[in-house]
Amino acid sequence: MKVLVIGKGILGSSIYHLLKERGHEVSVVESGFRKFPPTLIHSLLLVGKDVELSILSKEFYVKHNIPLKSFTSYTLGKVSNEVVNKWLSLGLNVEEKYVEWLRDKAIIGYGTDSLVQIRKLIDSVPKISGNVSVEVNDNKLRVTLDNNDVTSRYDIFILTAGAWNTLSINGLRLPLKSYYCWSWLTLNRNSLLDKVFIYDYELGYYSRPFMGIGLPLSIVGDGDVIECSPFDKKIGDKKAVEKAESRVGKLFPIYRGEGYCEGTPDMRPIYGEITERLYFAGGLDGYGAEIGPGIANLLVKYILEGEKDSDYYWRRFNGVTDFKIGKEPHEL
Ligand SMILES: Cc1cc2nc3c(=O)[nH]c(=O)nc-3n(C[C@H](O)[C@H](O)[C@H](O)COP(=O)(O)OP(=O)(O)OC[C@H]3O[C@@H](n4cnc5c(N)ncnc54)[C@H](O)[C@@H]3O)c2cc1C
């Protein structure tokens, strides 16, 4: 099968590998709208079926030689017994303990949270540079690459344009909305923060290592979002830094890392078939590195075997496309 994947982000790159190793001829087009940082968070401490997707994603990274470096994580605040029991039943190494330096009880995760070198995944995929536009009129498909009609050149098309999904498709509304999100690189007096993850559900922020080598630097965010087009310029506030300070002491915000993501009405991902020959996946909000390759796997299974997972299939919203975007669930 000749496949054109639109967008060389986390989903597009994962789909490229999964289809290629099954013998398909895959091309990936990238517009250059998005730049990726070297590392992103990968956590196994998610809820529901997301945990399995996250495990699948980790297996994908290992198989494709995308390096992951794991660090101890501390989850503070109420986590239900049901969630913890699921983690334990899947063999995740977690225990609840009082943590002196956090002055609170926490669920400590060993080997459950990593920084994944996501740029290595993106760089592992060859690309065609260009901008794709998809049109669906009365179920009739037209795909253009830099204004050239390429509809008959490929057997199928897969739209994975992230926050640009809804702008890349005309004639149809999907249950997706784009938004701006941000986090702060902070300078601190506690180099331990560059070697741990903190998910503080009590105060409402997270903290991740910057380089993971014990520098006095860490990255903090709180999952706050501003709904907007990925071409709108926004400026994120410093509330996450203030929340983190009341737990870990003085932090000096020195750089705002920012970008655009997209969410669905329940802030969980979707995938599926839009019309004949056109498939898509998206809505990965702030945890695409955690579950992206897992969702790519579901989509590829659907395309090749017709197997559908209704928990993530896009029709679960029964046609709702107008909704208000929620806060990023971040881990839980
Ligand atoms: C600041 C920031 C920090 C984040 N931190 C984390 C983290 O630590 N852990 C985590 O799991 N997730 C994190 N995320 C979220 C994660 O990046 C996303 O969930 C994920 O990248 C979404 O994957 P995707 O493949 O759907 O889209 P993307 O990875 O965004 O890829 C879409 C690609 O499509 C391209 N494109 C768009 N339109 C077109 C077009 N018309 N034609 C051709 N190409 C097109 C874009 O340029 C882009 O490269 C973060 C996001 C941001 C912005």
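Owing to the predicted nature of the structure, the values given are computational and were not obtained by experimental measurement. (Residues numbered from 1 in each chain as written. Predicted model: local features only at pLDDT ≥ 70, side-chain atom pairs only at ≥ 80, totals over all residues. Heavy atoms only, no water.)

With that settled, consider the site of the ligand. Taken together, 35 residues lie around the ligand, and E30, R34, I41, D285 and A289 are the ones closest in. The contact in question runs from an oxygen atom of the ligand to an N or O atom on the side chain of R34, over 2.8 Å. Calculation on the ligand without its partners gives an accessible area of 1000 Å², and the protein chains cover 94% of this total. Sorting elements by how many residues they give to the shell around the ligand places strand 18 (residues 251–263) first, with four residues. When the residues that make up the shell around the ligand are grouped by side-chain class, the tally is 17 nonpolar, 12 polar and six charged. Two domains each put at least three residues into the shell around the ligand: domain 1 (2–35 + 120–176 + 266–317) and domain 2 (69–115 + 178–263). (Near = heavy atom within 4 Å. Polar contact = N/O pair within 3.5 Å; in protein donor to acceptor, adjacent residues only side chain to side chain. Areas by Shrake-Rupley, 256 points an atom, 1.4 Å probe, with all protein chains shown as cover. Helix = DSSP H or I, 4+ residues; strand = E, 2+ residues; numbered from the N terminus. Nonpolar A, V, L, I, M, F, W, Y, C, P; charged D, E, K, R; others polar. Domains from an automatic or database assignment.)

Sheet strands pair by backbone hydrogen bonding; their relative direction is either parallel or antiparallel. Reading across the sheet, the four strands line up as 10-9-8-12 and stay open at both edges, with mixed pairing between neighbours. Looking along the sheet, the strands with just one partner apiece sit at the ends: strand 10 (148–149) and strand 12 (169–170). When strand 8 (residues 132–137) meets strand 9 (residues 140–145), the two strands line up antiparallel, connected through six bridges. Residue pairing across strands places V136 opposite L141, the latter belonging to strand 9. (Pairing = 2+ DSSP bridges.)

So, on to the packing of aromatic side chains. Under the criterion given, the structure shown has 14 aromatic pairs. Between Y180 and W182, the aromatic rings sit 5.4 Å apart at their centres with planes inclined by 20°, giving stacked as the arrangement. Side by side, Y180 and W182 carry an identical accessibility label, which is buried. Among the aromatic residues, those joined into a cluster by ring pairs are Y271, Y279, Y302 and Y313. A cation sits over an aromatic face here: K250 above F252, 5.5 Å from the ring centre. The ring of Y313 is capped by K308, whose NZ or CZ atom sits 4.5 Å from the centre of that ring. (Phe/Tyr/Trp six-rings, centres within 6.5 Å; stacked < 30°, edge-to-face > 60°. Buried < 20%, exposed > 50% of the residue type's maximum accessible area, 1.4 Å probe, protein only. Lys NZ or Arg CZ within 6 Å of the ring centre and 35° of its normal.)

On to the packing of helix 2 (residues 50–63) against helix 7 (residues 288–305). Helices that pack against each other are described as a pair by the angle of their axes relative to one another and the distance between those axes. Close contact between helix 2 and helix 7 brings their axes to 7 Å; oriented N to C, the two are set at 90°. It follows that helix 2 is roughly perpendicular to helix 7 by the angle criterion. Contacts between helix 2 and helix 7 involve D50, L53, S54, L56, S57, F60 and Y61 from the first element and A289, E290, I291, G292, P293, G294, I295, N297 and L298 from the second. Residues of the contact of helix 2 with helix 7, tallied by class, amount to nine nonpolar, five polar and two charged. (Axes fitted to C-alpha atoms, helices over the stretch in contact; angles between N-to-C directions. Parallel < 35°, antiparallel > 145°, perpendicular 65-115°, else oblique. Contact = heavy atoms within 4.5 Å.)

Domain annotation of the protein chain identifies domain 1 (2–35 + 120–176 + 266–317) and domain 2 (69–115 + 178–263). Each partner contributes residues to the interface: domain 1 has 14 residues there, and domain 2 has nine residues. For the pair domain 1 and domain 2, the two sides together bury roughly 980 Å², of which 61% comes from carbon and sulfur. For the pair domain 1 and domain 2, the number of links is zero salt bridges. Taken together, the links from domain 1 to domain 2 amount to four residue pairs in polar contact (both at pLDDT 80 or more). Looking at side-chain class alone, the side of domain 1 that touches domain 2 contains eight nonpolar, five polar and one charged residues. (Buried area = accessible area lost by both parts, 1.4 Å probe. Salt bridge = Lys/Arg side-chain N within 4 Å of Asp/Glu carboxyl O.)

Take the UniProt feature "domain: FAD dependent oxidoreductase" (unreviewed entry) in the protein chain next. In the numbering used here, UniProt assigns the "domain: FAD dependent oxidoreductase" (unreviewed entry) feature to residues 148–300. Annotation note: span residues 148–300, helix share 18%, strand share 41%, distance between end C-alpha atoms 27 Å. (UniProt positions renumbered as here; feature names shortened; annotations may be inferred.)

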